[in-house]
Every structure is written in C-alpha cells, then in structure tokens.
Amino acid sequence: MITVNHYLLLSAILFAIGTFGVLTRKNAIVIFMCIEVMLNSVNLTFIALSRHVGNMDGQIFVFFVMTVAAAEAAVGLALMIAFFRNKDSIDTDDFNMLKW
Amino acid sequence: MYSNLWLIPFFPLIGSIFNGLFGKKIKNEAVIGGIATGLMFLSFLVAAQNLFKLLGDTKKVHELVIASWMTVGNFQLNWELLLDPLSAVMIMVVTGVGTLIHLYSIGYMHGEEGYYRFFCYLNLFAFAMLMLVLGGNALVMFIGWEGVGLCSYLLIGYYYEKKSASTAANKAFIVNRVGDFGFLCGLLTLFWALAEKGVWTLNFVKIAESGHLLESGGLLITVVTLSFFLGATGKSAQIPLFTWLPDAMEGPTPVSALIHAATMVTAGVYMIGRMNGLFAMAPATMMTIAIVGGLTAFFAATIGLAQNDIKRVLAYSTVSQLGYMFLAMGVGAFSAGIFHLMTHAFFKACLFLGSGSVIHGLHHAYHRAHLHDDPQDMRNMGGLRKKMPITFITFLVSTIAISGIPFFSGFFSKDEILWWSFGSTRGHWLLWLLGAAAAGMTAFYMFRLVFMTFFGEQKTDARARDHIPESPFTITIPLMVLGFFALIGGYIGIPKILGGVNRFDAFLAPVFEQAQHANEIHAHGTLATEYTLMAISVAIATVGIFIAWVMYIKNPELPAKFVARFSRAHKVVFNKWYIDELYDFLFVSPCKRLGTFLWRGFDVKVVDGVVNGCAWVIKGLGTGLRYTQSGYLYNYAMAMVVGVVVIVGFLVF
C-alpha cells in the first residue's frame, strides 16, 4: 500500500537532489534543470497532500507553479543566451564579476 | 481717545520697509530721504497731537492694547502702548530730534554709497526707539531695547568695509549684550517675584500698582533693580560698560547725534524712570546708581580733557552727561534726570550735528585740494567761525548750554541735579562734589573744543583753506532749530527759587510723585544753601571757561608746556585711563584663550575625534566584510540554503 508518506518521502528526496545540484554544478543549464526538479518535487507534495486532505486547492496551485515555471524557463533561457554571447560560456564560474 | 497712538511707531516702520525694499531701485536721493524724513515728521505730528491732548486731560495714564500676544495660564500678555507724561516727553524728543536729524542726513549723506540703506536703518531705529518708550509692558519695551541695539550695530558698522568701523560695531553689540543679560535677569526675577505674590504681569501700570507687595529695601527688590541697572549701564554707557560709546563714533555723524547722544543712550535713564517705584524701594540700588553716575560723570570728563578727535570729545562728554542723569536718578530726582535728558538731547544733538557740519566742510575742502588729512582732528582746525558762521553760532549756544551758564537750557537741568544730589534725602555732599567737578571740566573741555575749532589762527592746510564752505541748508536748518531749543528749552523747567513754577516737574509729577512720597525722597535745605550751590556751580563753570580761554586763546603755547610738565598724568588721561587695555587683559584675552583652547583641545580632538572615529570604524568593518562577496553563484545559493535551514529549523524546533 502506497501512503501519502511515500509521496512526501519521494518529494523530499527529489528536493534534496535538486538543491544539491544547484549548489554543486557549474553549468547554468544543469542548475536550471535542478531548479525545475525542486519545483516539481514541490508540485508532487501539493498533489499528494491535496489528495490526502480531499481539497482541490493544492492541485489548482500546481497549475500556477507550472505556469510560472514555464515563464521562468523562457526568461532563464534568454538570460543564458545573453551570457553566452558575452563570454562564450555558460559556466557560472565565469560569471563572478559581482564582487568586491 | 488716544487710539491713534500706534501710528507713532508705525510711520517710521513703513519708511524703513519701503526704503529697504525699493530704495535700491529708486536711487533718487531726494525721494529716499524725503520719504524717510516725511514719515518721521508725520510721526512727530501725531506725537505732538497726543501730547497736547494729554496736557489738557485730567487722567494722565492711558493704555492702548493693539493685539493680544499670548495667554498662558493666568498670565496675559498684550502688544500694548502706554502714554503718560514720561513717555510723552520721550516720544517728543525721539520724533522731534529724530525728524531734524533725518533732515540733516539728507544733506550730510549726500553721495554716499548705500544712501537708502542708511535711511532704512535710521527709520528702523526710530521705530524701535518708539516701541521702547511707548511699550506698555516690559517685554514690548525689551523688543524696542534689543531693536535699538541692533540698529546701533548696523549704523556704527555703516562703513563696513572699514575694519575699525566693523570692529567698533561688534564691540558696541557685545558690550550691550552684557547689559541686556542684566535686563533679562531683572525682568525674569521681577516676574517670578510678583508671581509668587499672585500677580502675573509684566505691565508697567500693574507693576507700579503691585510693587508694594515686595519687601521694601529687601534682598529681592535690590537684586531686581540692580539687574535692571546693569542693563542700563550697558545701553547708556556707564561704568563699567561705557567703553563702546567712544568707539561708536566710527558711525556717520547723524547716527552719533541721534543714537549715541540724544535717544538710544538715554534708554537706561528712561527705564529707571519708568520703574521708579521699584527703584525707590531699593535704597542700596539707588545709592549704587548715584555713585556710578557721579563717577562716570567725573571720569568721562577727565578723559574728555585730552582728546583731539572732535567727535571723541563729544562722545566722552555724552558719557559724562549720561552720568549726570544717572546721578539724578540715583538721588531720587527723577524728573530732573528726565529734564536733563531732554535738554541734553537738544544741545548734544546740536553739538554733534555741528561737528558733523565742520567735518563735512573740511572733508569737502580736503577732497577739493586732494589732501588726506584727518577732518576730525581738532589740531587741523581753527578759525572756522568766519567760514561757517551758522555752524559756529549754533555750536557756541549749545556749548554754553552744556557748560551750565545761566539762562541757557543746560543750566536749569544741571543745576537741579546738583541741588538734589546735595540736598536730597538720598544725596550726599560727596556726590555733589563729583558732579560739580565734572561740571567744571565739562565747561573747560567744551570751550577748549570751541576755541580749537572756531577761534585762533587757521591750522588747516593752506591748500584746502579756501575750499571750506558753509554747509547746505538741510544741514543748517536742523542746527538752527536745535540751537534755538538749546537756548530756550530750559524755560519749561525754571526752578521755584528763580521765580519759576517748574512746569516740567509738575507735568511729570503724576509719574514720580507716588514713589517719592512713599519712600520719603525729597530735597531739603534752606534757600540760602540752594543759592550758594547755584552760585558755586556757575563760578566753577566760569573758571573752567576762563582756563580754556587762557590756554587756547591767550597763550596757545601753554597746553604744550602743561603736557610736558604733567606728562604722566596726561598720558594716562589721553589713553582713557587704560580702561580698554584693562578690559582686554581681564576679559577679552581670557575669552580668546578659552576659545582657542576649546577649538584646538575640544573641537579638534574630541568632537572631530568622535565623528571621524565613527567613520573609521564603519570603514574598517566594510573592508573586512566585503570579502564575503565572492561573486560565485554557488556561494550565494549555499548561503541561502543554510539561511532557510536555520530559519526553518528555528521555527520547527
């Protein structure tokens, strides 16, 4: 029997993987994908709990999250193109000018 | 009935505002001077109308409330004017002499830079002075008191590009501040003392009514009156605060005549007269005033003996005459003091304007001859009586008046003061002696001035001699009017023993009578004593004139011999008893040293240290902390994650 706890555990694992990826990877696209993983882990939590509680609000929220994620993807990819034109790279280590 | 009283100070105020705002654009001297003088004359007409109304009135004290100023608890303060015989005399002197001096200034200031500025200040001064004398409560008076001080400062420093003038202006202002401090102390102490008794007021009429609540001769009233007297010494140039007045001669001569001879410097005398009830209740203060007045009259006269600058002689003479007025106030001869104030305003204004006419003429002559001699130095004058006949005659009349020769105005007022200082219940023969000696010296130095200036051979540079003109009519008309009053001004106060009824005394009686009766102040003595004293003072004056004649007409080489013989005494007197040097040593240098210490020691090290220290600490912190900004994305992301973990952890556990 798969209970809500299993979903939450999976969601937590996915979120941790996403966070780890954001912190350790250098490639901007990979970081971006990790963020998407984090977002989707949250979506999973929303749906699992929504189902568990019997309230549709959580599922509605997931649509919002997906919409925002789509918009974010558009902006994020545009930023990456701009980065690449500047430095011929999308490695975040090359973008360290915002410092002392 | 007296509802147009407010017009008296209002007219000069309008003139001041007008000339101040538009004078620079108008440029036309006739318009600027005409407006200023015309408004003063209007003010004079209103003053005269009110005086005549008051003469025919049985009720002698009238108050006019213009507006409410403030109401605090049961304390009500108004903008109010007070017309009684005392203030009526004062407004007549201020507007009358003021109008003449405004007229004089039109001619005297001709062609000066900042012509409009001069008339703006002069009108403003008249406004402040009229507020001072008409003020119905002590705070309105204080506004006038400070206002005249300000105008005095502005006008002394009129030639502000001249270092000596701006220094003199500063000196006058700072010395006056010391006096003003005394005035405020007296004002607040009096307010507190009366409030303790349940009377919340600063109104002069009410103060006079409730003065008896304070203990007569007690410590409190002595402190109050002494503080007020300190204020008076500052404004009226008495020992110890007289040093600013001679320096104030740096201002234009009409200013010296109006402010530093006829009106502002008499404010202290007027103030004591205004609060005579309080002063009469404090015999210790009265004695102090009499002694200070007598000593000032004496010392200033000694300094006047040896000065060579024509205006400085007159300045010391003014200090000396003011000493007389304070002597009168101190021995309880209030109306005699005010009488002398009035006659002094006539003859001293005339003397100053006359000296101004001489300076004007010589300045003109030197200018024509392209010389740079000092037009104020009497050693460059001599024989001017033929060149400037009108100036000479009016000057001579005023000199005779100030010397106390019978039947000129100064004689009546000065003699009454001397008689009171001898015969009053608050008097003493030593006070009389000081006054009489000063009278002798006054006669000497004034005639020395006349002889050096108008008689003898011409000592003016030969190239300039033929260019000395008589002054224009705007200058000579005021001289003639003032000279006329210097001649006859005394006849309104002929003492009883000369067969008069002393109308002046009777007119002022409602103001002073009560205080004099309540405190048993009156002059007593036989007629013979009075006649003898009169004869002595006339004799002393005659001797003074005679000595001056011997030294400066008969044997002109005598003064030099005299100076050589008594060189040390002459040096001391010539250098004004080194009072300025003494004050420099006692007050000015320590102040400067303290200032330097506070600057170098406190300001630079402590204040700047704290300010710079703060900046330094912040800068150090910033230098350290900026290395936390690595610029690497994962550092920021890590910080964010740690932060979220910490916050969530804190909230959950």
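Above this note sits the structure.
The residue count restarts for each chain, going from 1 along the sequence in the order it is written. Chain letters start at A and ligand numbers start at 1, both assigned in the order the entries are written. In keeping with the predicted nature of the model, local features appear solely for residues at pLDDT of at least 70, side-chain atom pairs appear and are counted solely at 80 or more, and the whole-chain, interface and lining totals rest on all residues.

### Topic: the overall build of chain B
- Only DSSP runs of H or I with at least four residues qualify as helices, and only runs of E with at least two residues qualify as strands; both kinds are numbered from the N terminus onward. Across its full length, chain B holds 26 helices and two strands.
- In terms of overall dimensions, chain B has a C-alpha envelope of 110 × 65 × 50 Å along the principal axes.
- With C-beta atoms placed from the backbone, a residue is labelled by how many other C-beta atoms lie within 10 Å of its own: buried for 20 or more, exposed for 12 or fewer, partly exposed between the two. Here chain B holds 653 residues, and the buried ones make up 52% of them.
- Summarising the internal contacts of chain B: among those between residues at least 6 apart in sequence, 81% fall at separations of at least 24. Residues are scored as being in contact if the C-beta atoms we place from backbone atoms lie within 7 Å.

### Description of the pairing of strand β1 (residues 62–72) of chain B
Residue and element names in this part refer to chain B.
- In terms of burial, β1 is a largely surface element, one of the 11 residues being buried.
- At least two DSSP bridges between two strands are needed for those strands to be called paired. By the bridge criterion, nine bridges tie β1 to strand β2 (residues 75–83) in an arrangement that is antiparallel. Opposite H62, over in β2, you have L83 as the bridge partner.
- The hairpin turn running from β1 into β2, its antiparallel successor, is two residues long, and G73 in that turn takes a positive phi close to 60°.

### Some words on the interface of chain B and chain A
- Taken residue by residue, the interface counts 11 residues in chain B and 10 residues in chain A.
- Residues were grouped as follows: Ala, Val, Leu, Ile, Met, Phe, Trp, Tyr, Cys and Pro as nonpolar; Asp, Glu, Lys and Arg as charged; and all remaining residues, including Gly, as polar. Tallied by class, residues from the side of chain B that touches chain A come to seven nonpolar, three polar and one charged.

### As for the packing of helix α14 (residues 310–330) of chain B against helix α17 (residues 409–423) of chain B
Residues and elements named next belong to chain B.
- Put simply, α14 and α17 touch, their axes get as near as 9 Å, and they point 45° apart. Here α17 runs oblique to α14, going by the angle between their axes. For the element pair α14 and α17, the recorded crossing hand is left-handed. Of α17, the residues touching α14 (which contributes Y324, L327 and A328) are K414, I417, W420 and S421.
- A breakdown of the residues in the contact of α14 with α17 according to their chemical character gives five nonpolar, one polar and one charged. To obtain each axis, a line is fitted to C-alpha atoms, and for helices this fit is confined to the stretch in contact; angles are then taken between N-to-C directions over 0 to 180 degrees. Should an angle lie under 35 degrees it is considered roughly parallel, over 145 roughly antiparallel, and from 65 to 115 roughly perpendicular; all remaining angles are considered oblique. Two helices crossing with the near one rotated counterclockwise from the far one by less than a right angle form a left-handed crossing, whereas a clockwise rotation gives a right-handed crossing.

### Concerning unusual backbone geometry
Residues and elements named next belong to chain B.
- Each neighbour pair has its own omega, and for I239 with P240 the value is 5°, a cis peptide bond.
- Inspection of the secondary structure puts P240 in the loop between α8 (219–235) and α9 (244–247).
- A positive phi angle, near 65°, is found at K27, a position not held by glycine.
- By the element assignment, K27 lies in the loop between α1 (7–26) and α2 (29–55).

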